[in-house]
Amino acid sequence: MAKESVKARQRKREKMVLKYENKRKLLKKAGNYELLQKLPRDASPVRLRNRCSITGRCRGYMRQFGVSRIVFRNLVSQGFIPGVKKASW
């Protein structure tokens, strides 16, 4: 599991990206890159990282399900994800 501080930082960045989304769009459209540079760094969506919604793990993230591969495996084996089952041959 990721540290709570890392998860909190991610949530803070997500809020900031939403807050400045319209302003960034207008500045980019106008081509005003000087004012765009003066916005907070965390307002840029590039600084967001895909993280598991349960553990906060950033590696092995499965975009389609929003969880890491480890959590995905546990959820599938318990039957919580419909339409997915463990392969065996």
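Residues numbered from 1 in each chain as written. Predicted model: local features only at pLDDT ≥ 70, side-chain atom pairs only at ≥ 80, totals over all residues. Heavy atoms only, no water.

K.L.:
Is there a simple way to think about the pattern of salt bridges in this case?
P.N.:
Close approach of charged atoms allows side chains of opposite charge to pair. Tallied over the entire structure, the rule returns 3 salt bridges. Connected via shared salt-bridge partners are Arg 13, Asp 42 and Arg 47. (Salt bridge = Lys/Arg side-chain N within 4 Å of Asp/Glu carboxyl O.)

K.L.:
Can you help me understand the packing of aromatic side chains in this one?
P.N.:
The geometry of an aromatic ring pair comes down to the distance between the two centres and the angle between the two planes. Scanning the model with the defined rule gives 1 aromatic pair in all. A ring pair is formed by Phe 65 and Phe 72, whose centres lie 4.7 Å apart and whose planes are at 40 degrees; its orientation type is tilted. Note on Phe 72: relative accessible area 14%, which makes it buried. (Phe/Tyr/Trp six-rings, centres within 6.5 Å; stacked < 30°, edge-to-face > 60°. Buried < 20%, exposed > 50% of the residue type's maximum accessible area, 1.4 Å probe, protein only.)

K.L.:
Is there a simple way to explain the environment of Leu 39 in this structure?
P.N.:
Topologically, Leu 39 is positioned in the loop between helix H2 (33–38) and strand S1 (61–62). Distance in space between the C-alpha atoms of Leu 39 and Tyr 20 is 8.3 Å, their sequence separation being 19 residues. (Helix = DSSP H or I, 4+ residues; strand = E, 2+ residues; numbered from the N terminus.)

K.L.:
How do you make sense of the nonpolar core when you look at a structure like this?
P.N.:
Nonpolar side chains tend toward joint burial in soluble globular proteins. Counting 6 residues, the largest nonpolar core consists of Cys 52, Val 67, Val 71, Phe 72, Val 76 and Ile 81. The residues contacting Val 76, other than those within four sequence positions of it, are Ile 81, Val 84, Lys 85 and Lys 86. Within the second largest apolar cluster, 5 residues are counted, among which are Tyr 20, Leu 36, Leu 39 and Ala 43. (Core = buried A, V, L, I, M, F, W, Y, C linked by side-chain atoms within 4.5 Å. Contact = heavy atoms within 4.5 Å.)

K.L.:
What should I look at first to understand the side chain of Ser 68 in this one?
P.N.:
Mapped onto the secondary structure, Ser 68 falls in strand S2 (residues 67–68). Contact partners of Ser 68, with chain neighbours within four places excluded, come to Cys 52, Thr 55, Arg 57, Arg 59, Gly 60 and Tyr 61.

K.L.:
What exactly am I supposed to notice about the side chain of Arg 24 here?
P.N.:
For Arg 24, the position within the fold is in helix H1 (residues 4–30). There is no salt bridge for the buried Arg 24, and the closest opposite charge comes from Glu 21, which lies 8.9 Å off by N-O distance. If sequence neighbours within four positions are ignored, Arg 24 has contacts with Leu 36, Leu 39, Ala 43, Ser 44 and Pro 45. (Lys, Arg positive; Asp, Glu negative; His and termini not counted.)

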